[in-house]
Amino acid sequence: PGYRVVQPELARTLRAMATSGAAAFYRGSIAKKMVDAVQAAGGLWELADLEGYRVVERTPIKFRYRGAIVTTAPLPSSGGAVLAQCLHILEARELASLGEAERVHLTVEAMRRGYHDRARYMGDPAFVAVPVDRLLSKDYALVRGASISAERATPSSELDALSPHATETTQTTHFSVIDAEGNRVAATLSVNGPFGAGFVAGDTGVLLNNHINDFVLADNAPNVYRLTGGVANRIEPGKRPLSSMSPSFVEDERGVLVLGTPGGSRIISMVLQAIVGYVDRPALDLEQIAGAPRFHHQYLPDRIEIELDGFSDEWIAAQKSRGHVVEIGRRKWGNMQLVYFDKATGRVSVVNDPRARAGVLF
């Protein structure tokens, strides 16, 4: 507290961009300084990489969950497709009638299958044919969910044999906004890992990200978040890597919820639990949704990871009795930001993750 960070080099770069726009960053002296610095450090950048880069605007994924309309991120973020599959699996079950242990078990098994398809199929749609329509269909989710046992965890090693093919034959930040006219924004931005690549390009002040690590560098080789994948997400020139970022809108007759969070591979599971909390448990308020203890399963490694000090011994025992491996994390995770517009009252509520207020680092 009280320490001042002064970045005159970055200030010069930002001033040039304010004066000359994107061209100041992707061409000219700033671009050359960055490329020279990366090459001097053994990297493979070329000026053409920056000159040829374009932002691509893609249609968001939109689906219904128990009548609520969920709008979320499309590929190459895997968040939307995994969220849709998990929620469609859960929609086929009456969560409200289940006890907590059964509800958690079912949610974990839905996560296991959603992350399994992430590893099998998902990549940059400009490079690979991802069967998105099939992955988003409720019929496919019903088939996937049919292999879930209420009494037993499905070992991830068995999923390939149980699963149909879907073919047709701390580091990240998030903000949520609703303005006075009802415009809404859910934006997640990431440098992927603490301080990204840990590399500032020359005297530009620009910190480089580490999204190369979001690619699959070798089949089934885990990345920094221990996520695995295959050919669809192999690294290629010009290709955009998979992400887990899941900025989302949830709208029903009650109102509009804008949400998202940082958290690496756990982003999807955190947003999933928040959506289920809002839709299936309307008695919960936003503070309870943001503050609830979090659990996570991502297919591989085959275990439920839980937040430190978030769950009782009885909770852990109930999941172990079904065959789940439970690993207690070293800390809490996430920094969920919620903004809610109440249609009945016209009021807007804002909730920040209590983990951030408590000084937890992500």
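For the structure, see preceding data.
This report concerns the structure included in the present document. (Residues numbered from 1 in each chain as written. Predicted model: local features only at pLDDT ≥ 70, side-chain atom pairs only at ≥ 80, totals over all residues. Heavy atoms only, no water.)

1. What to know about the pattern of salt bridges
Overall, the coordinates contain 23 salt bridges when judged by the stated rule. Of the charged contacts in the structure, one is a salt bridge between Arg 120 and Asp 117, with a shortest N-O distance of 2.6 Å. In this pair, Arg 120 and Asp 117 both sit in helix α6 (residues 100-121), three residues apart, roughly one turn of the helix. Its relative accessible area of 21% is what places Arg 120 among the partly exposed residues. Residue classification places Asp 117 among the buried residues on the basis of a relative accessible area of 0%. Asp 117 is paired through a salt bridge with Arg 144; the nearest N and O atoms lie 3.0 Å apart. Remark: Arg 144 occurs in helix α8 (residues 138-145) and Asp 117 occurs in helix α6; sequence separation between them is 27 residues. (Salt bridge = Lys/Arg side-chain N within 4 Å of Asp/Glu carboxyl O. Helix = DSSP H or I, 4+ residues; strand = E, 2+ residues; numbered from the N terminus. Buried < 20%, exposed > 50% of the residue type's maximum accessible area, 1.4 Å probe, protein only.)

2. Quick notes on the side chain of Thr 261
Here Thr 261 lies in the loop between β6 (255-260) and α10 (267-280). Given a relative accessible area of 0%, Thr 261 falls into the buried group. Side-chain polar atoms of Thr 261 contact the backbone nitrogen of Asn 335, separated by 3.0 Å. Here the side chain of Thr 261 touches Met 336 through a polar contact of 3.5 Å, landing on its backbone nitrogen. The contact partners of Thr 261, leaving out residues within four places of it in the chain, are His 174, Thr 188, Ile 267, Met 270, Val 271, Gly 334, Asn 335 and Met 336. (Polar contact = N/O pair within 3.5 Å; in protein donor to acceptor, adjacent residues only side chain to side chain. Contact = heavy atoms within 4.5 Å.)

3. Digging into the sheet that holds strand β9 (residues 326-328)
Read across the open sheet, the three strands follow the order β7-β8-β9; overall the sheet is mixed. Across the chains shown, the open sheet's two edge strands, defined by having one partner strand only, are β7 (295-296) and β9. Bridge analysis of β7 against strand β8 (residues 304-306) gives two bridges, and the strand direction is antiparallel. Within β8, the residue paired with His 296 across the bridge is Glu 305. (Pairing = 2+ DSSP bridges.)

4. A few points about the sheet that holds strand β11 (residues 348-352)
In space, the six strands of this open sheet follow the order β1-β2-β5-β6-β10-β11, with antiparallel pairing throughout. One side of each edge strand has no neighbouring strand; the edge strands of this open sheet are β1 (61-65) and β11. When strand polarity is set aside, the average angle formed by the axes of neighbouring strands in this sheet is 15°. Direction of pairing for β6 relative to strand β10 (residues 337-342): antiparallel, over a ladder of six bridges. Along β10, the bridge assignment pairs Gly 255 with Asp 342. Strand contacts of helix α5 (residues 79-91): β1, β2 (68-72) and β5 (248-251), with the helix running at about 15° to β1, the strand carrying the most contacts. (Axes fitted to C-alpha atoms, helices over the stretch in contact; angles between N-to-C directions.)

5. Some words on the packing of aromatic side chains
One pass over the structure, following the stated rule, counts six aromatic pairs. Measuring from ring centre to ring centre gives 6.5 Å for Phe 295 and Phe 311, while their planes differ by 70°; the resulting arrangement is edge-to-face. Of this pair, Phe 295 sits in strand β7 while Phe 311 sits in the loop between β8 and α12 (313-320), placing them 16 residues apart in sequence. Across this residue pair, the class does not change: Phe 295 and Phe 311 are buried. An angle of 50° between the planes, with centres 6.0 Å apart, marks the rings of Phe 295 and Trp 315 as tilted. Placement of the pair is Phe 295 in strand β7 and Trp 315 in helix α12, with a sequence separation of 20 residues. Note on Phe 295: relative accessible area 8%, which makes it buried. Over the face of the ring belonging to Phe 249 we find Arg 184, whose NZ or CZ atom lies 5.1 Å from the ring centre. (Phe/Tyr/Trp six-rings, centres within 6.5 Å; stacked < 30°, edge-to-face > 60°. Lys NZ or Arg CZ within 6 Å of the ring centre and 35° of its normal.)

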